[in-house]
Each structure stands twice: as C-alpha cells, then as structure tokens.
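Residue-level structural notes
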Amino acid sequence: MNAPDARAAVAAPPPPPAAAGPVLVLSAITKSYGPTIANQALSFAIAPGEVVGLIGANGAGKSTLMRILAGVALPDGGRIEVAGAEVDFARFSPQRARESGIRIVHQELSLCGSLTVAENFYVEQPTAGGRSVLWHRRFEALARTHLEAIFPGNGIDPRAPVGTLAIAQRQMVEIARASADPRLRILILDEPTSALDVRRSEDLQRFIAARAKAGVAVIFISHKLHEVAALAGRILVMRNGRLVRDAAATALAVPQMVEAMAGEAAATLATVQAASGVARTPGAVLAEISPPFAATPLRLAGGEIIGLAGLEGSGQPEFLRALHAAAGGQARAGVRCRARAAYVSGDRRGEGVFPLWNVLANATIGRIATGRALAWLNPAAEYTAARPWLDSVQLPPERQGAPILSLSGGNQQKVLMARALMTDAEIILLDDPTRGVDVAVKQEFYRLIRAAAGAGKLVVWYSSETIEFLECDRVLLFHEGEVRRTLEGAAASEDAILSAAFAERVGARAAHAPGRRGRGLGGHLPKLVPAIVLALLFALIAALNRNAASLFGLDLLAGAAVPLVFVACGQMFVVGGSEIDLGVGAFAGLANVLSATVLPARPALGLLTLALALGGYALLGLLMQARAIPAIVVTLGASFIWAGIGYALQPTPGGSAPAWLAALASGHVLGVPASIVSILAAAAVAALLNGARLGAVLRGFGANPRAMVQGGWSARYGAMLRYAIAGAFALTAGLAMTAINTASDINAGGSYTLLSIASVVVGGCALAGGEIAPLGVVCGALSLSLIGSLLGFLDVSTDYNAAVQGGLLIGILMLRQALAWRRR
Amino acid sequence: MAAAMSALAWLRANRWSFSAIGILLLWLVLAITTARFSLQSLSGVAASAAFLAVVATGQMFAVATGGGNIDLSIPSVITLSAYATMILSRGTDAGLILALPAIAAIGIVTGAANAFLILKLRIPAIIATLAVGYVLDTATLLTNRRFTTFAVSPALHALAVGRVFGVPIILLLATGLAACASLLIRRTGYGRTLMAVGQNAVAARLAGARVARVTAAAFLLSGLLASLDGALLSAHAGGAFLEMGRPYLLQSVGAVVVGGTPIFGGSATPLGTLSGAVFLILIVTTMQIAGLPGGIQDMVQGGVIIAVLAAAGSGLSRRTA
C-alpha cells in the first residue's frame, strides 16, 4: 500500500465529483442527549464544490451535527449519504468517516502537544509516508508542503513539538493536516479562524476558494459573520437543534443572520423589556476593578446588572474567576470585592453539577460548602430551606428529588441558579448561563436575574450572545483580558456592542504575531540536565575512589545499575501513556525467579512461562481500557499477583542462572563489559521504539487520547502495546538480575518500582504523560544507582537508602514545580 | 421478573451488598466443609478485620477526594507508629499517655506532608504518598536499631485483644468508627463538601468549597487512623516488627473497593468498607485454613481486587489529566 508522494498529494485532483449529484445528503437527522434534543430532523444536501456557512448560537446543535458527521456520535434517527452511498451507522466510526472523505478541523484542537508537527500528520494519516524507516523525513516534507500551500511563509518547523507552537500556528497545523488528506471530499472547518490574524484568515479563505473550485465541498462554521458572508455561497442557520434558514448568501446579510440566529431570544427580550421598565437604584459598591483588568478604575454596586462583552477569548471568563477568587478572600491583582460571590457556570457538566447527586443536594451544596465544616445536616430542614428557592426557579416539585442528570440542560441550569441564590452571596457571577438552553428557560433566567438585582445583588454576567446584554445596566467591553470600553443605557445596543468588539479586534491585529518561543540552546538545556547530573555524580565517585574510573570499576558500577535501567525504561513507556505502573518492580522479581528456577531446569518450559507472564502483563493493559479502571489499583493488585507467584515458586532466595545467561553477563563485546553493553542496548532499543511509528502512537495516547481515538486508533491496542513494552523491559531486568546474581529473590524486584518512577522523573518525562525521553531516563536510572554506591563510599548506612530515594523524588518534583512557577 | 429486576437495581445501587453476600456465602461454605471453622474462629476473623477496617476507613477518605487519589503511605505509618508505641510506652499505661501524642503526631504530620505535596506542589497523590512512605521507612529502620522492649501497656493490650461478652473490643471500636464516619459523611457539612470535591473539584470550588482544606483533612484523617491502628496492632502482636504494615497496602485499598466505594471518589460507604474488610480477611483466613502458601494468598488477594474492579467497572472514567 504505497501512498502517493507528498507533493503529488497536494497536486492530485480530489476524487471526481459523482456526476453532479450532491456529495452529502442528510435526511431527518435527530439526536438527543437524555432529555435534551440536540439535533431535530435536520435535512439538507451539499453539492461538490459548494462552500456552505453554518451559523448558530452556542448550543444551537452545530457541534452535535459535526460529531455525527465525524463518526464520533451516532444519530438516534435519520439517514446520511456521502457521495451517493448511504452511511451504515452500525459500522460508522471516525475512521470510516475519514475513509469516506469527511475531514473536520475541530474547534478544540485535536493535536497531540508533545508530538512534533510531522508526527501529528503521521497519527492522522499513517499510510501517507510509505514503509520507509525514514518516515520522519517523509512526514516532515508532507507537513511542510501542505502548510506552505495554505499559509505561505508560516515559519513552522515540522520537527518542533506542537506544544511549543503559538496557538495560531497550532491552528494552521490543524487546518493543513485535515486538508492534506488525499481522500478529502467534504472539509468541515469548525471556527478555524478564531486564533488566526487577518492575514492568515485571508490565506485560509483563498485556500478554501481554491479547493472548492477543485470540487471539495466545504462547511464553514464561524461566529465571525462577516467572514461567513465573504466566503460562503450558501448559509445554513441553526437554532435550538433545528435548521431555521437555508438561503443563498446574497439573500442573507449580516444583520439578518443575527436575527435568524437569535430569533426567539431577541423576541423574548423585546417583550420582557417592555414589561419591565423599572429603574433600579444602585446600592453600595461591592466590587472595584483596577489595572490590569481596567485602565481606569471601575466600581460595581449592588442592584446593578453588569454585562461582560467582547469577542470569544477576550478574557471575560478569566475576569469572572478572578472576581470569584477575590470574593473568597484570595488576593487577586485588579479586583477587590466587599461581599461574597456565588458562581453560576454555563458549563454544567464540567463546572456545575455533581453527577452522583439528586437535585436537592445539588442545590444546597453552595450553602453547605460555604458554611461550617461540622454543621449538622438535617435532611428535612435542608429540604424545607431549599424548597422556596427551587420553586422560585420554577422547578416542578416532583423533579426536586430526581437525579440531577435526568434533568434537561435548562433545568440543570435552574438548579445551579437556585444554588447561587440560596447562599448569602451579594454578588452573583454568571458565566454564560443560558448556553444551550431553550427559549422558555432563557426567559425564566432573565426574570431571575432581574429579580436578583432587584433584591440588591450585584450581577456580573458574561454571555456569548450579544443580544443578552440588552438586559444589562452597563456593559464592559473586553479585549485581550481587560476592559477597553464601557457602554451604558441606550448606548449599549446590540449593534454598538458588536461593532465596538470588532473595532477592537481589527485595531489590535498587529499584536497577533505568532511564534515567539525560541528553540535555541535554552530550549535544549533541560534535556541535558540528566546527563549533567550523571557526569557530576560519576566525577564525585571517581574523586572518592580512583578505581571507579577503571574499566573494572565501571563494570561494577554499571552492573549494579543494569536492572534499574531496564525497569526504568519500561516504566517510562507507561508514564508516557499518562499512567503509573506499581507492579513493574514485582514483575521483574517474578522474571528473576522464573529464570533462576524453571529456566535452568527445563529451558522450554521456562521460556513458555516467561512468555505467558509477559502476555498476562499486556492483557492487564487491555483490561484497564476495556473496563475503564484505573492503572494504579490494577497494577498494585497485579504486583501482589506477580510477587505471589514468585513466592509460591521459591519461598526463600536461591536458584541458579542458566549457563548461557551467566556467560552473557561475564562476556565482553569488543572489550567492553556486558554490563555497559546492555545499558547502551537498553537505551538504543528504547530510543528506537520511541523514534519508530509506534512510539509516536504511544506518546499520542499519553498526550491526547481523545484525539487519537478520533483519529481512528484503538485505545485498547495502545494500552496493550504500552504494557507489553513495559513488561518486556521488566522481564529483561529480571533476566539481568539472574545473570548478575546467579540466583533469585522474589523480594529483590520490589524496590525498583519507586526507583523506576524516580528515574523517569529525573530523566525529564512529565508525569502528565505524552513524553518519552530514553536517554534522559537511562541517565536518571544510572544516577539513582550511583547515589546508592556513593552512599556506600561515604559509609552511610543502607538504612538511609529508602529515605534518600523518596526524598530525592520529592526534591526533584519540588524543583520542577518551582521552575514551572518561575516560567509563569 | 420485575422483582428480580428491582433486586438487581438495588444491588447496583448498594454496592456494599456484594461484599456482604460474599461474606455469607464464604461463611456458609466454610461452615459446611470444615469442622474447624466455628463461631469462635469467626470472632478471630472479626478482630483481624477490625484492624483492617480502621485503616481502610482512612484510605476511604483519601479515595473519596477523587481524581484517583490514594494513600500509599499507610503501611509505613502503621509500622512506625507501632515502634513508637512500644518504645515510648515502655509497657506501662503512664507511658502510653505520653506516647499517645507522639503516635497521633506521626499520623498527622504524615498526612500534612502528603497534603502539602499533593495540593501545593501538585504531585500526584500516588507518588507523593509513596515517596513519603519511603522516608518513614528509613525512620522505622533507625528506630528498629534501638528497639529493646516487648512489653505492652496493659490498657492498650485490653483494647487490642480484650473482649466484652465474647465480642472483641477492637471490633466494637471499628464498628463505632464506621458509624461515626458514616455520620460525618452523610450528616455534616464537611462530609457533603468532601463528596462534592471528589465528584468534581472545579464545580466544588465554584460552589464555594475550600477544596484544599477539605482534601487535606481527608489525608490527615487517613494518616491519623493509620497511626492509631499501628499502636493497637503493636499491642495485638505483642511487639513491632519491620514490614508489619505491608499487608495493609493492598488490603486497605481492597477493602474500600470491595466495600463498594467508587475508586474515582465522590462517594463513600464506611459500613461497606467494614464489610469489605471482613470479606477480605475471611478470604485470607479461608486460604490459611486450606493450607495455601503465602504466595498463593497474595495472588488471590490481588486477583480478587482486580476482579471486583473489573466487574464493577467505573463506566464513567473521570481521570483528571
């Protein structure tokens, strides 16, 4: 399966349009999440070469539709045809979606940060580079070509880890990667320009036009309506899960788009505003804002409704968080609060509800969490106290005892509002609370917000729907994290807010210069730290004992380090997958016992048992993935199984090494002792594995498992591979222990578990996963082993070994944390 | 059919019942197959289970903080505090009174160190507690060098091995502890807030919870219970020895998980943990009666815990990266 050359892929024409028929047909696509209907009977068709703008407010159902097209979510009903062939949902998957030519550029970037640009291209199109061992170079060329084709002069190094790129550059990589697919028929861009400056947006528009001309259908999702108007030939408007407009772009100017998107909300606001012309008198000042949040100090008073406007990503939610922290008594630059604050997040799943509880407990937790720790809870009193508030947010009594997740998003949001109102907080912070709720609930919300302000509370309201700011007394316009303008009363019209927001953006476009992080010597220095530490330690030992520097001395020191080096390499692959293996040391111990008891007596059986043990180790990885259970407990449990087997086989230390193994240990290669050779071999094998394609896959799973699954990789495959590699290294460590000690002891392996974790940390891998650094980790393991020898030379009792090891691990992690703080 | 369905639903909702059923079945099998297993030996099982239940209750609080948190320093705390008890009490009740603050300090300081590393330095709980445990192990080794006495304070001995109407006092203590923990979790602001933190720390912070304080308290409690248990164990064993805490590493986690507390936190059942402890100890006792070697016993324990986890499945993986 030889893939076309990278250049050819760009120049190659897209698949021939299917005789002018539509490339994508949706009929009556419906999808609901619990009680929330996200997509309702969506039907439309798109022809090859068409550029369609898809717009709608947050929660209108665009993301759900994209998830369905991407094969991530299955619709409850309806049909999809791609290029004339009906999609079989039973077999649809992200992989299938891509095979049929659908590619999506996600709004939440789906890149793996610790992988290089080229490796990110690889994990999405594994076959594009052929089978060459020089796959890195192929994908570097592929990445460079496609990036240049869309964004000329981008200056992105394909060998740079994506995590070191500026956000705009990452977005460029994401776009180039999706459009690089030779099978591309339908390109879906979800907010592609949110981080791009004007020049790069224009590049993208030019590219989209060119691809459309060549027959690719493009769906362009954006909140930047002017871009949609400029680019799309046809515009689809979604609202509350339904398709409400399908019109030629010429028939839908920007104001009409806004009207179609907001429709009900606008109508609602118009009616309620007419009904409530009551002017509130501001009360005491409850919050003060100063630099860096506002150049000129602002005062916010009780009874006011303050809107936080601006384009998405201008720092409004961050400001709300700062207010919340300041109100909770923490010092925050730029904000001071004189009252308690309650926070209502529109991200119900992520920041709002407690999924195991019912409505009542979810409502009262605000009051309970801010109360005394040992306050006695009385369920009856709790209900009596909460009831009026739940009634006031119009939650029917029969739902008040229901599990929170059985409620629709709108009703969940009402519960969160009741939670905030129930506390004694004088400040109510609203973080886009009407996100994705239906119009009836929105109406309720506007009433509640007015009521809260009427009761003298200060309401600070961030909304992603500009129309909602008509409810506010004052609107603070944010840009780049600070308040740039304040609009009051009649001046705070929707048009005024929108145009002011856009004006700020255009005025500031020069500030968006991407790519500031350098990759000079400073960038590489941290990678050299483990080697430097090792060199220093060795110098110290050589200074204490001259013989250490002789070949014999080196052999002794290296020999003591061999098992740890191998165990650490195994642990490294597990940590790279964002997990920790507590059984790796015990497994090495088991391999030690097996190879010193069964293997010398009956070689065939010995090899079989070792292979079986390794298979069992890999299956553990499968089990964790299949049942979604945490690695920590499984590997802890498994460590007892490995130790138990070993102990049952050989209750007391003993056994003997097979002759060939012992010969290996005392052998030399070109005059270099086996111990040093095996350490170099461990480093080389680990580096090769890491540099190979599967290394990129393993790191990808550690960095961004969701993106990998969306990219068509199996999480179970990844986990099995990870534990098979870790097991193989631990197994080799066990063999090395047998070879060196010519005997076995089941307890000998246990101490390697913590040491291996420490080696990985010393070696420079992040515990969060995604990083594998073979040379660093080998240096780390050698250093830790040398410390043991050093303590011996210094006549320190071995009693202190454990404390030194534990203390060292903590010390290194502390140091890292301190460095991270400094960088911030 | 409907009854069966609702029974199944009840079992799912009350996951502690699995261990309770397991206890009954195992007991039944033992009673039928062996004459050696009497009510008398059951009370021995109960006493051993009670020692486990005390530390497992602490572990349960650590697990409840969520995010896959777990306290691996428990075995080291047990061993060190057992040594401290023996050395400081010198076998007298007066000495015990002097020793008590030191014992409590071992647990509290360990818990505080764990909490500091986890909350301030953002080191994963598993690594922080493992590393702290190693430091304690060295302290234990050094103490071991100066270890001379095997005399146990009479009062402590009475608590650890005494009986009231044939019921081990330690069992009453463990049951009382489970009841108190149950009340703390269900009926106090702290308990409710801890469960909120365990379910979703961000949401809890936004709801006004002092997340760091709540989490730290759970680790302090875990350390304290482990150190008190270590004191009682020293009286039970009539001395202190290296590695005496070791079995509690896996068993404390096992009792929590088998007892029905979800490993991802946010919910906890102390009575389930007690029943999980009894179940695990019953399994161990059965294996001892059957004459299985120690290695096989370890294997079975590890296997049971993995099997229970796999059977329960977490369904929703709430791992925080």
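Residues numbered from 1 in each chain as written. Chains lettered and ligands numbered in written order. Predicted model: local features only at pLDDT ≥ 70, side-chain atom pairs only at ≥ 80, totals over all residues.

**Re the overall build of chain B**
What chain B contains, in helices and strands, is 14 helices and two strands. Against the globule reference of 20 Å for 321 residues, chain B gives a C-alpha radius of gyration of 20 Å, in line with a compact fold. Principal-axis analysis of the C-alpha atoms gives chain B an extent of 60 × 55 × 35 Å. Within chain B, the fraction of its 321 residues that count as buried is 57%. (Helix = DSSP H or I, 4+ residues; strand = E, 2+ residues; numbered from the N terminus. Rg over C-alpha atoms; globule rule 2.2 N^0.38 Å. Buried ≥ 20, exposed ≤ 12 C-beta atoms within 10 Å, placed from the backbone.)

**Brief notes about the overall build of chain A**
In terms of regular secondary structure, chain A is built from 29 helices and 21 strands. Computed over its C-alpha atoms, the radius of gyration of chain A comes to 31 Å, within 12% of the 28 Å expected for a compact globule of 824 residues. Dimensions of chain A along its principal axes, counting C-alpha atoms only, are 95 × 75 × 50 Å. Within chain A, the proportion of its 824 residues that are buried is 51%.

**Some points on the packing of helix H4 (residues 74–89) of chain B against helix H6 (residues 125–145) of chain B**
Residue and element names in this part refer to chain B. For the pair H4 and H6, the least separation of the axes is 9 Å and the interaxial angle reads 25 degrees. As summarised for this structure, H4 and H6 are arranged roughly parallel, according to the angle between their axes. At the point where H4 passes H6, the crossing takes the left-handed sense. Listed contacts from H6 to Pro 75, Ser 76, Val 77, Thr 79, Leu 80, Tyr 83 and Ile 87 of H4 are Gly 133, Leu 136, Asp 137, Ala 139, Thr 140, Thr 143 and Asn 144. Taken together, the residues that form the contact of H4 with H6 break down as seven nonpolar, six polar and one charged. (Axes fitted to C-alpha atoms, helices over the stretch in contact; angles between N-to-C directions. Parallel < 35°, antiparallel > 145°, perpendicular 65-115°, else oblique. Left-handed = near helix turned anticlockwise from the far one by under 90°. Contact = placed C-beta atoms within 7 Å. Nonpolar A, V, L, I, M, F, W, Y, C, P; charged D, E, K, R; others polar.)

**Regarding helix H12 (residues 247–258) of chain B**
All names here are of chain B. Between the first and last C-alpha of H12 there are 16 Å, a value that for 12 residues agrees with the 16 Å anticipated at 1.5 Å per step. Among the 12 residues of H12, 11 are classified as buried, and the element is accordingly described as predominantly covered. Within the span of H12, buried status applies to Tyr 248, Leu 249, Leu 250, Gln 251, Ser 252, Val 253, Gly 254, Ala 255, Val 256, Val 257 and Val 258. Just downstream of H12 lies Gly 260, where phi reads positive at about 105 degrees. (Expected span 1.5 Å × (residues − 1).)

**Looking at the sheet that holds strand S4 (residues 77–82) of chain A**
The strands making up a sheet are joined through hydrogen bonds of the backbone, oriented either antiparallel or parallel. All names here are of chain A. Pairing is antiparallel across the open sheet formed by four strands, whose spatial order is S2-S1-S4-S5. The open sheet has two free edges, formed respectively by strand S2 (36–46) and strand S5 (85–86), since each of these has just one partner strand. When strand S1 (residues 24–33) meets S2, the two strands line up antiparallel, connected through seven bridges. Within S2, the position partnered with Ile 29 by the bridge is Leu 42. Those strands touched by helix H2 (residues 62–69) are S1 and S2, and its axis lies near 65 degrees from that of S2. (Pairing = 2+ DSSP bridges.)

**Some thoughts on the interface of chain A and chain B**
The interface of chain A with chain B comprises 62 residues on the first partner and 59 residues on the second. Contributions of two or more residues to the side of chain A that touches chain B are made by strand S15 (341–345), helix H11 (348–352), helix H12 (359–369), helix H20 (603–627), helix H21 (631–649), helix H27 (752–762) and helix H29 (801–823) of chain A. The element contributing the most residues to the side of chain A that touches chain B is H21 of chain A, with 14 residues.

**Digging into helix H2 (residues 16–33) of chain B**
Residue and element names in this part refer to chain B. With 18 residues, H2 should reach 26 Å at 1.5 Å per residue; the first-to-last C-alpha distance of 26 Å fits that figure. Looking at H2, one finds that the buried residues are Trp 16, Phe 18, Ser 19, Gly 22, Ile 23 and Leu 30. Seen from one end, H2 has its buried residues packed into an arc of 150 degrees, which puts them on one side. Those residues of H2 that are exposed and aimed more than 90 degrees away from the buried face are Leu 24, Leu 25, Leu 28 and Ile 32. Buried residues in H2 make contact with H12 and helix H13 (270–289). (Arc of directions from axis to C-beta.)

**Remarks on the sheet that holds strand S16 (residues 427–431) of chain A**
Residues and elements named next belong to chain A. Across the sheet, six strands lie side by side as S15-S16-S17-S13-S18-S19; this open sheet has mixed pairing. Both edges of this open sheet fall to S15 and strand S19 (482–488), since each of them pairs with a single strand only. Strand-to-strand twist of the sheet, defined as the mean angle between neighbouring strand axes without regard to direction, takes the value 20 degrees. Those strands touched by helix H14 (residues 409–422) are S15 and S16, and its axis lies near 175 degrees from that of S15.

**Observations concerning the packing of helix H4 (residues 117–124) of chain A against helix H5 (residues 135–150) of chain A**
Relative orientation and spacing of two packed helices are given, respectively, by the angle between their axes and the distance between those axes. Residues and elements named next belong to chain A. Contact geometry of H4 with H5 gives a least axis separation of 8 Å together with a crossing angle of 95 degrees. Of the possible angle classes, the one that applies to H4 and H5 is roughly perpendicular. Here Val 117, Ala 118, Glu 119, Phe 121 and Tyr 122 of H4 lie close against H5, whose contacting residues are Trp 135, His 136, Phe 139, Glu 140, Leu 142 and Ala 143. Looking at the contact of H4 with H5 residue by residue, the classes come out as eight nonpolar, one polar and two charged.

**Examining unusual backbone geometry**
Residues and elements named next belong to chain A. Here the residue pair Pro 291 and Pro 292 is connected by a cis peptide bond, since its omega of 10 degrees sits within 30 degrees of zero. Tracing the backbone through its elements, the reader meets Pro 292 in the loop between strand S11 (285–289) and strand S12 (298–301). Of note in this structure, Gln 394 is not a glycine but carries a positive phi near 65 degrees. Topologically, Gln 394 is positioned in the loop between helix H13 (379–392) and H14. For Gln 394, a count of 14 C-beta atoms within 10 Å gives the class partly exposed. With a phi close to 45 degrees, Thr 742 is a non-glycine residue in the positive phi region. Structurally, the position occupied by Thr 742 is in the loop between helix H26 (715–741) and H27. Thr 742 sits in the partly exposed class, given 16 other C-beta atoms within 10 Å.

**Quick notes on the pairing of strand S6 (residues 102–105) of chain A**
All names here are of chain A. Here S6 shows a buried face lined by Ile 102 and Ile 104 and a second buried face lined by Arg 103 and Val 105. Sheet topology note: the S6/strand S7 (residues 186–190) ladder contains four bridges and is parallel. Bridge pairing in S7 links Ile 104 to Ile 188.

**Overview of the nonpolar core**
Counting residues in each nonpolar core, the largest one holds 364 residues, and the members touching the most others are Leu 323, Val 460 and Val 565 of chain A. In contact with Leu 323 of chain A, other than residues within four places in its own chain, are Ala 287, Val 335, Cys 337, Ala 341, Leu 429 and Val 460 of chain A. (Core = buried A, V, L, I, M, F, W, Y, C linked by C-beta atoms within 7 Å.)

**Some details on the domain arrangement of chain A**
All names here are of chain A. Partitioning chain A into structural domains gives domain 1 (6–252), domain 2 (281–510) and domain 3 (549–795 + 804–823). Across the boundary between the two partners, domain 1 contributes 17 residues, which contact 15 residues of domain 3. Elements represented by at least two residues in the side of domain 1 that touches domain 3 include exactly helix H3 (94–99) and H4. Each residue belonging to the side of domain 1 that touches domain 3 can be placed in one class, and the counts come to 10 nonpolar, four polar and three charged. (Domains from an automatic or database assignment.)

**Here's the deal with the confidence of the model for chain A**
All names here are of chain A. In this model, chain A carries an average pLDDT of 84, and 90% of its residues clear a pLDDT of 70 or more. Looking at the elements of chain A, mean pLDDT is at its lowest for helix H1 (residues 6–11), recorded as 40, and at its highest for S16, recorded as 94. In the predicted structure, residues 1–18 sits below a pLDDT of 50 and forms 34 contacts with residues beyond four places in sequence or in another chain. (pLDDT = per-residue confidence, 0-100.)

**Notes on the environment of Ala 251 of chain A**
All names here are of chain A. In this fold, Ala 251 is placed in the loop between strand S10 (242–248) and helix H9 (254–275). By the C-beta count within 10 Å, which is 10 here, Ala 251 ends up exposed. Between the C-alpha atom of Ala 251 and that of Arg 234, which follows or precedes it by 17 residues, the distance is 9.0 Å.

**Comments concerning the pairing of strand S17 (residues 458–462) of chain A**
Residues and elements named next belong to chain A. S17 sits mainly inside the fold: five of its five residues count as buried. Alternating residues of S17 divide into Leu 458, Val 460 and Tyr 462 and Val 459 and Trp 461, and every residue in both groups is buried. The pairing of strand S13 (residues 305–309) with S17 spans four bridges and is parallel. Counterpart to Ile 306 in the pairing with S17 is Val 460.

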